[in-house]
Amino acid sequence: MASLSPIIVWFRRDLRLADNPALFEAAQSGRPVVPVYLWEDDAPRPLGSAARWWLHHSLKALSRQLAALGVPLLLRQGRAIEELPRLAAEIGADTVLWNRRTAPREAALDTAVTRALVALGLRVESFNAGLLFEPGAVRTRSGQPFQVFTPFWRACLALPEPARPLPAPAALTGMTGLSGDAVDEWRLLPATPDWAKGIGAVWTPGEDAARARLCDFIEEGLTRYTLRRDHPDQDGTSRLSGHLAFGEIGPRQVWHAARRAGAEPADGFLRELGWREFSHHTLAFSPDFAEQPQRREFRDFPWTEDAGQWAAFIAGRTGYPIVDAGMRALWDTGWMHNRVRMIAASFLVKDLLIPWQRGEEWFWDTLIDADSAANAAGWQWVAGCGLDSAPYFRIFNPVVQGEKFDPRGRYVRRWLPELAGLSDQFIHRPWEASPEQLRAAGVSLGRSYPHPIIDHGSARRRALQAYSALRGTGAA
Ligand SMILES: Cc1cc2nc3c(=O)[nH]c(=O)nc-3n(C[C@H](O)[C@H](O)[C@H](O)COP(=O)(O)OP(=O)(O)OC[C@H]3O[C@@H](n4cnc5c(N)ncnc54)[C@H](O)[C@@H]3O)c2cc1C
């Protein structure tokens, strides 16, 4: 007789029912399913504050969905290597299923958990749910991981298309009577002060919201994506990053939804999903990607640490409106437009010469889509120390970037209301307005809005010198 012992499905960053191969496999077996999410005491990198807010709501959404199928989501805290064997013994499970994590430290943890479970006689099976292509499946002709995006993506596109998404299980059999934590006990939400009001006003975590956002974007945004994606003053990108980071929607679902809309509009958008893929494949082969420059020469880069400038940067008070608008949007909503992430990051590492790792950590703490791979890739790209990076001499001019990508100053006015009265001509360079123009706009430089904390022209020359000195040692 086939075994009727329950199957444990260990949820991690795959907080969805559809296209969830581990859950699908468990449902197919017809056996009781115990879905569990663990608050891992030994997680290699503790979640940042904004991501904890998201996780709280995402777990609530997943619990509701599973409850609708008659199955409770079990929440437990501890080390997976102890908690999973304990749970398996408690319920008499003989199988544990999960979707793979590919970041090296998480993957090492999973290998250790697998060994522990197998040693106890349990069956463990894992699946790919988080990526279009698995790290290792995309390699150069000589069998190495790609270091440059364009050939990487070309190689991805030459592979068989990612599998069609699996449906959500129509029915599940659960087990009741198991004791677990309530998500509120984990205190993932801020208490006093509640700084997450702005985040809650903008985002709805959970699979249903993710699916709705994808549908809206495919219908309303995809055809104009390439035209609008660089403009923070427009609603031109999918804003799926938080949902993707928590696995409330999977990349295969996004891929096939975009493809159904036709090759032409989908290509440019899927290429961005390709950057997500590239960053995850890169991290899979470089455990210290989030902390160490890929170009090792950059370890000797003459970074500076100025506490005052750092404080101005994170508070959105550098005196450069596009940078400040982005940093305030980040603080308020937990998200920043990609173009502005690049401008703000360039300002930190090139104008202020503050180490990119400081910026990476700040983003990690404040982004709702914080993702070790994409975040490190973004920062290393901007700093010029990634293997496929912006060249060191590309130093964004925050005024020119602002005028190009936010030409009417709509984005700046939204986040810096104190500058709203300035004309389009000065909105990105308030210090050039005459005293009368400033007065008429209600702007008092140095009081209501700061003077630039650094002169971009001199900062640029200083950065170029520092980078050229490094070049002498073989960098860039
Ligand atoms: C300094 C810096 C830090 C970043 N940190 C993160 C991060 O922690 N988490 C994160 O998800 N993205 C990060 N990005 C990449 C990018 O800014 C966001 O993915 C994007 O802004 C999310 O908005 P969207 O969902 O509307 O993207 P869309 O333009 O609609 O793209 C669709 C999806 O593709 C992926 N994607 C798009 N651009 C990139 C990219 N350049 N690199 C990797 N994936 C991409 C995202 O999953 C995104 O949701 C960072 C970029 C920079 C420059």
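Owing to the predicted nature of the structure, the values given are computational and were not obtained by experimental measurement.

Draft legend 1. Summary view of the site of the ligand. Around the ligand lies a shell of 27 residues, among which Tyr 225, Thr 237, Ser 238, Arg 239 and Asn 338 are the nearest. Interatomic distance of 3.4 Å between a side-chain N/O atom of Arg 341 and an oxygen atom of the ligand. Measuring from an oxygen atom of the ligand, one finds a backbone N or O atom of Asp 371 at 3.1 Å. Notes on the ligand: free accessible area 820 Å², of which the protein chains cover 94%. Secondary-structure elements contributing two or more residues to the shell around the ligand are helix H9 (241-245), helix H11 (263-285), helix H14 (338-351) and helix H16 (372-383). The element contributing the most residues to the shell around the ligand is H11, with five residues. Residue composition of the shell around the ligand, grouped by class: 15 nonpolar, six polar and six charged. Here the shell around the ligand spans two domains, and each of domain 2 (130-164 + 204-285) and domain 3 (296-468) adds at least three residues to it.

Draft legend 2. Up close: the packing of helix H13 (residues 321-333) against helix H15 (residues 356-366). The geometry of H13 relative to H15 is characterised by a closest axis approach of 9 Å and an angle of 40° between their N-to-C directions. Packed against H13, whose contacting residues are Met 327, Leu 330 and Trp 331, the element H15 presents Trp 362, Phe 363 and Thr 366 at the interface. In terms of residue class, the contact of H13 with H15 is made up of five nonpolar, one polar and no charged.

Draft legend 3. View of the environment of Glu 207. Relative to the elements of secondary structure, Glu 207 occurs in helix H7 (residues 207-221). Those residues within four positions of Glu 207 in sequence are excluded, and the remaining contacts are Leu 15, Arg 16, Leu 17, Ala 18, Gln 65 and Glu 248. Side-chain polar atoms of Glu 207 contact the backbone nitrogen of Leu 17, separated by 2.7 Å.

Draft legend 4. Main features of the packing of helix H5 (residues 149-158) against H11. Two elements in contact, H5 and H11, have axes separated by 10 Å at closest approach and are oriented at 105°. Put simply, H5 runs roughly perpendicular to H11. The segment H5 lies against H11, with Phe 149, Thr 150, Phe 152 and Trp 153 engaging Leu 270, Arg 271, Gly 274, Trp 275, Glu 277, Phe 278 and His 281. Residues of the contact of H5 with H11, tallied by class, amount to six nonpolar, three polar and two charged.

Draft legend 5. Local environment of the sheet that holds strand E3 (residues 74-78). Strand order in the open sheet formed by five strands is E3-E2-E1-E4-E5, with parallel pairing between adjacent strands. On the outer flanks of this sheet lie E3 and strand E5 (123-127), each paired with one strand and no other. The mean inter-strand angle of the sheet, taken between neighbouring strand axes irrespective of direction, is 30°. As paired elements, strand E2 (residues 33-40) and E3 share five bridges and run parallel to each other. Note that in E3 the partner of Leu 38 across the bridge is Arg 76.

Draft legend 6. Region of interest: the pairing of E3. Extensive coverage of E3 is indicated by the burial of four of its five residues. At this point the chain moves from E2, through helix H2 (residues 49-68), to the parallel E3, and the crossover so formed is right-handed.

Calculation notes
- Here the residue index of a chain counts from 1 through its sequence in written order.
- The model is predicted, so local features are restricted to residues of pLDDT at least 70 and side-chain atom pairs to those at 80 or more, both for listing and for counting; the totals for chains, interfaces and linings are taken over all residues.
- By convention in this description, side-chain values take in all heavy atoms of the structure and omit both hydrogens and water.
- Proximity is defined per residue: any heavy atom of the residue falling within 4 Å of a molecule or strand makes that residue near it.
- We define a polar contact as two N or O atoms separated by no more than 3.5 Å, with the added condition that, inside protein, one atom must be a possible hydrogen donor and the other a possible acceptor, whereas residues neighbouring each other in sequence contribute only through side-chain atom pairs.
- A 1.4 Å probe and the Shrake-Rupley method give the accessible areas. Residues count as covered only by the protein chains that appear here.
- Strands here mean DSSP runs of E at least two residues long; helices mean DSSP runs of H or I at least four residues long; both are numbered from the N terminus.
- Under this grouping Gly is polar, as are all residues other than the nonpolar Ala, Val, Leu, Ile, Met, Phe, Trp, Tyr, Cys and Pro and the charged Asp, Glu, Lys and Arg.
- For the domain bounds, the source is a domain assignment made automatically or taken from a database.
- Structural elements are reduced to axes, namely lines fitted to C-alpha atoms, with helices fitted over the stretch in contact, and the angle between N-to-C directions of any two is expressed from 0 to 180 degrees.
- Two residues form a contact once any of their heavy atoms are found within 4.5 Å.
- Should an angle lie under 35 degrees it is considered roughly parallel, over 145 roughly antiparallel, and from 65 to 115 roughly perpendicular; all remaining angles are considered oblique.
- Note: two strands are recorded as paired if DSSP finds a minimum of 2 bridges between them.
- Under the scheme applied here, a residue whose accessible area is under 20% of the maximum for its type counts as buried, over 50% as exposed, and between as partly exposed, the area being computed with a 1.4 Å probe on protein chains only.
- Clockwise travel from the first strand over the helix to the second, with the strands pointing away from the viewer, marks a crossover as right-handed.

Read these as geometric descriptors, not functional statements.
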